[in-house]
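If you want the building blocks of each chain, they are given just below.
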Amino acid sequence: MASSIKKIGVMTSGGDAPGMNAAIRSVVRTCAFHNIKCMGIYRGYQGLIEGDLEEMDARSVRNIINRGGTILKSARSQDFRTKEGRKKAHETLVANEVDALVVIGGDGSFTGGMVFNEEFGYPVIGIPGTIDNDIFGTKSTLGYDTALNTAVEAIDRIRDTASSHDRLFFIEVMGRDAGHIALNVGVGAGAEEILIPEEDMGLDRLLESLKTSRVSGKTSSIVVVAEGDKIGKNVFQLAEYVEENMPGYDIRVSVLGHMQRGGTPSCADRVLASRMGVKAVETLLEGKSNFMVGINNDELSLTPLDRAVKGKSEIDKELIRVSEIMSI
Ligand code: ATP
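Definitions and cut-offs
- Per chain, the residues get numbers from 1 upward, laid out in the order the sequence is written.
- The predicted origin of the model limits local features to residues at a pLDDT of at least 70 and limits the giving and counting of side-chain atom pairs to 80 or more, whereas totals for whole chains, interfaces and linings rest on all residues.
- The side-chain values count all of the structure's non-hydrogen atoms but skip hydrogen atoms and water molecules.
- Only DSSP runs of H or I covering at least 4 residues are called helices, and only runs of E covering at least 2 are called strands; the numbering of each starts at the N terminus.
- C-alpha atoms define the radius of gyration in this analysis, and the globule rule sets the expected value at 2.2 Å times the number of residues to the power 0.38.
- Relative accessibility under 20% of the residue-type maximum defines a buried residue, over 50% an exposed one, and the middle range a partly exposed one, all with a 1.4 Å probe and only protein chains included.
- Throughout, a residue-residue contact means that at least one pair of heavy atoms, one from each residue, lies within 4.5 Å.
- Residue ranges assigned to each domain were obtained from an automatic or database domain assignment.
- A quick way to say it: buried area is the sum, across both parts, of accessible area lost when two parts are put together, with a 1.4 Å probe.
- Between N or O atoms, a polar contact is any pair within 3.5 Å; within protein, one atom must be a potential hydrogen donor and the other a potential acceptor, and residues adjacent in sequence are included only when both atoms are from side chains.
- Residues are sorted three ways: Asp, Glu, Lys and Arg are charged, Ala, Val, Leu, Ile, Met, Phe, Trp, Tyr, Cys and Pro are nonpolar, and all the rest, Gly among them, are polar.
- The cutoff for a nearby residue is simple: one of its non-hydrogen atoms must lie within 4 Å of the molecule or strand.
- Using a 1.4 Å probe, the Shrake-Rupley method yields the accessible areas, and only the shown protein chains count as cover for residues.
- Using only the protein atoms, space was sampled on a 1 Å grid; points where a 1.4 Å probe fits but cannot get out form cavities, open sets with protein on both sides within 12 Å along at least five of seven lines form pockets, and lining residues are those with an atom within 4 Å of a point.
- The rule for placing a molecule in a cavity or pocket is simple: more than half of its atoms must lie within 2 Å of the grid points.
- Stacked, tilted and edge-to-face pairs are distinguished by plane angle, under 30 degrees for stacked and over 60 for edge-to-face with tilted covering the rest, among Phe, Tyr and Trp rings (Trp via its six-membered ring) whose centres lie within 6.5 Å.
- When a carboxyl oxygen of Asp or Glu lies within 4 Å of a side-chain nitrogen of Lys or Arg, that pair is called a salt bridge.
- When DSSP finds two or more bridges between a pair of strands, those strands are recorded as paired.
- To obtain an axis, a line is fitted to C-alpha atoms, over the contacting stretch when the element is a helix, and the angle between two such axes runs from 0 to 180 degrees between their N-to-C directions.
- Grid points are joined across faces, edges and corners, and a volume is the space filled by probe spheres set on the points.

Enquirer: An account of the overall build of the protein is needed here, citing residue identities and associated values.
Expert: Check the secondary structure of the protein and you find 11 helices and 11 strands. A compact globule built from 328 residues would reach a C-alpha radius of gyration of about 20 Å, and the protein, at 22 Å, matches this within 12%. The C-alpha extent of the protein, read off along each of the three principal axes, is 70 × 35 × 30 Å. The buried share among the 328 residues of the protein stands at 55%. Pairs at least 24 apart in sequence give 76% of the contacts found in the protein among residues at least 6 apart.

Listed below in structure tokens is the structure:
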């Protein structure tokens, strides 16, 4: 593969996600495979501005495929939002003779990459790494599968105690803008109700549904709530409201929080990260840039970064119906 690109930089940016290390490993090793150099950039765009980077070779990324988090660290950089900051970042890349960037992160990180590309004509490719799965142009983002498994396992444990004490549990899972985690985890963990930002079921229907399930003989229930649910109350207020309107029910709240972000990446995330890393590097070597690598129908795809950023990832309506049928 003859290309003018001789050195590629790789970084992780925004919220960390399991599988990011496997993606870094893949990018570094694909560079080595094609006999080009690779620079690891620490702390995302902030590290780029501050010149915090070092050369990595195939051996620098040993024993990381199984590790959560990111060995390159991640950061949110206010400085990169300024023209001056981006100029410094560009100077770092020029000084280190880095010809192109692979950015592993969410839509904010891709927006940053796009702005950078517009300003300096600099080649950038994105790999979607975020547990929320809220990115257009890919069926799955890195870390999503792991987060689902982590959350389901946690809810399984809560179910044990819920059923022993005849309790109603409200469990908040991550997902500020998208209900992918809540919906899939809710179906996978057998939740009674699933509240997601995309659908406002309303408090009355929630109460109605919980009352119906009690009448139908259920003595314990689990309601999965996405943190960005639009019902207008947070998970604690929601629990309080139900408690006031359904006396006699023993209600508890559990917020799974950051534990959903950590942990050993699932096999699916490791494989996806390995595939996306190869695709990202080889796309740059083919002279293409300003794309995000995605996966659709088990085939890797390229989506222009602006479409990935502006598009809306749709919730699976069929799953909503499945969850309604399952909670009869
Ligand atoms: P997550 O989905 O986990 O939030 P993210 O990539 O969306 O990940 P952000 O904090 O939104 O996380 O963005 C990461 C970084 O990208 C920001 O800290 C900033 O440095 C850069 N960035 C985001 N938007 C812009 C922008 N409009 N212009 C320049 N840089 C930006």
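Enquirer: Can you lay out the environment of Cys-267 for me, pointing to particular residues and giving the numbers?
Expert: If you trace the backbone, Cys-267 turns up in helix α9 (residues 267-285). For Cys-267, a relative accessible area of 58% puts it in the exposed group. For the pair formed by Cys-267 and Gly-19, sequence separation is 248 residues and the distance between their alpha carbons is 9.2 Å.

Enquirer: Describe in detail the domain arrangement of the protein, supporting the description with residues and values.
Expert: Here the protein is described as being made up of domain 1 (7-143 + 265-310) and domain 2 (145-261). Taking the mean C-alpha position of each, domain 1 and domain 2 sit 34 Å from one another. Between domain 1 and domain 2, the residue contacts involve 14 residues of the former and 13 residues of the latter. Taken together, both faces of the contact between domain 1 and domain 2 bury some 1,000 Å²; the carbon and sulfur share is 48%. Inspection of the region where domain 1 meets domain 2 yields 6 residue pairs in polar contact (both at pLDDT 80 or more). The residue inventory of the side of domain 1 that touches domain 2, partitioned by class, reads 5 nonpolar, 4 polar and 5 charged.

Enquirer: I'd like a description of the site of the ligand, backed by residues and values.
Expert: Arg-76, Ser-77, Gly-106, Gly-108 and Ser-109 are the nearest of the 18 residues found near the ligand. Within the contact set of the ligand, an oxygen atom lies 2.7 Å away from a backbone nitrogen or oxygen of Ser-77. Coverage of the ligand by the protein chains reaches 86% of its 620 Å² of free accessible surface. Among the cavities detected, the one that contains the ligand is the largest pocket. Per element, the largest residue contribution to the shell around the ligand is 6 residues, and it comes from helix α4 (residues 107-120). Per-class residue counts for the shell around the ligand are 3 nonpolar, 10 polar and 5 charged.

Enquirer: Break down the packing of aromatic side chains for me, with residues and values.
Expert: Applying the stated criterion to the full structure yields 4 aromatic pairs. Here Tyr-45 and Phe-80 contribute two aromatic rings whose centre-to-centre distance is 3.8 Å and whose plane-to-plane angle is 10°, an arrangement assigned as stacked. One end of the pair, Tyr-45, is in helix α2 (residues 44-50); the other, Phe-80, is in the loop between β3 (53-56) and α3 (83-95), and 35 residues separate them in sequence. Phe-80 matches Tyr-45 in its accessibility class, with the two residues each being buried. Taken together, a centroid distance of 5.1 Å and an interplanar angle of 55° make the contact between Phe-116 and Phe-120 tilted.

Enquirer: I'd like to hear about the pattern of salt bridges, residue by residue, with values.
Expert: Taken as a whole, this structure holds 10 salt bridges when the rule is applied. Across the pair Arg-43 and Glu-50 runs a salt bridge whose closest N-O atoms are separated by 2.9 Å. The class of Arg-43 is partly exposed, set by a relative accessible area of 27%. Several salt bridges converge on common partners, so that one network encompasses Arg-43, Glu-50 and Asp-52.

Enquirer: For the sheet that holds strand β2 (residues 37-41), give the residues involved together with the corresponding values.
Expert: With mixed pairing, 7 strands are arranged side by side in an open sheet as β3-β2-β1-β4-β5-β10-β11. Pairing within the sheet leaves two strands with one partner each, and these edge strands are β3 and β11 (299-304). Adjacent strand axes in the sheet meet at a mean angle of 30°, parallel and antiparallel pairs treated alike. With 6 bridges connecting them, strand β10 (residues 291-296) and β11 associate as antiparallel partners. Bridging across to β11, Gly-294 finds its partner in Ser-301.

Enquirer: With reference to specific residues and values, describe the layout of surface pockets.
Expert: Its volume calculated, the largest pocket comes out at about 670 Å³. What lines the largest pocket is a set of 32 residues, and nearest its centre among them are Gly-14, Arg-76, Asp-107, Gly-108 and Ser-109. Per-element tally for the lining of the largest pocket: the top contributor is α4, with 6 residues. Shared between two domains, the lining of the largest pocket takes at least three residues from each, and those domains are domain 1 (7-143 + 265-310) and domain 2 (145-261). Counted as a void, the second largest pocket has a volume near 320 Å³. As for the second largest pocket, its lining consists of 17 residues, and the residues nearest its centre are Asn-133, Thr-138, Lys-139, His-180 and Glu-314. The element best represented in the lining of the second largest pocket is helix α6 (residues 180-188), accounting for 3 residues. Along the lines of polarity and charge, the residues of the lining of the second largest pocket split into 6 nonpolar, 7 polar and 4 charged. Each of domain 1 (7-143 + 265-310) and domain 2 (145-261) contributes no fewer than three residues to the lining of the second largest pocket.

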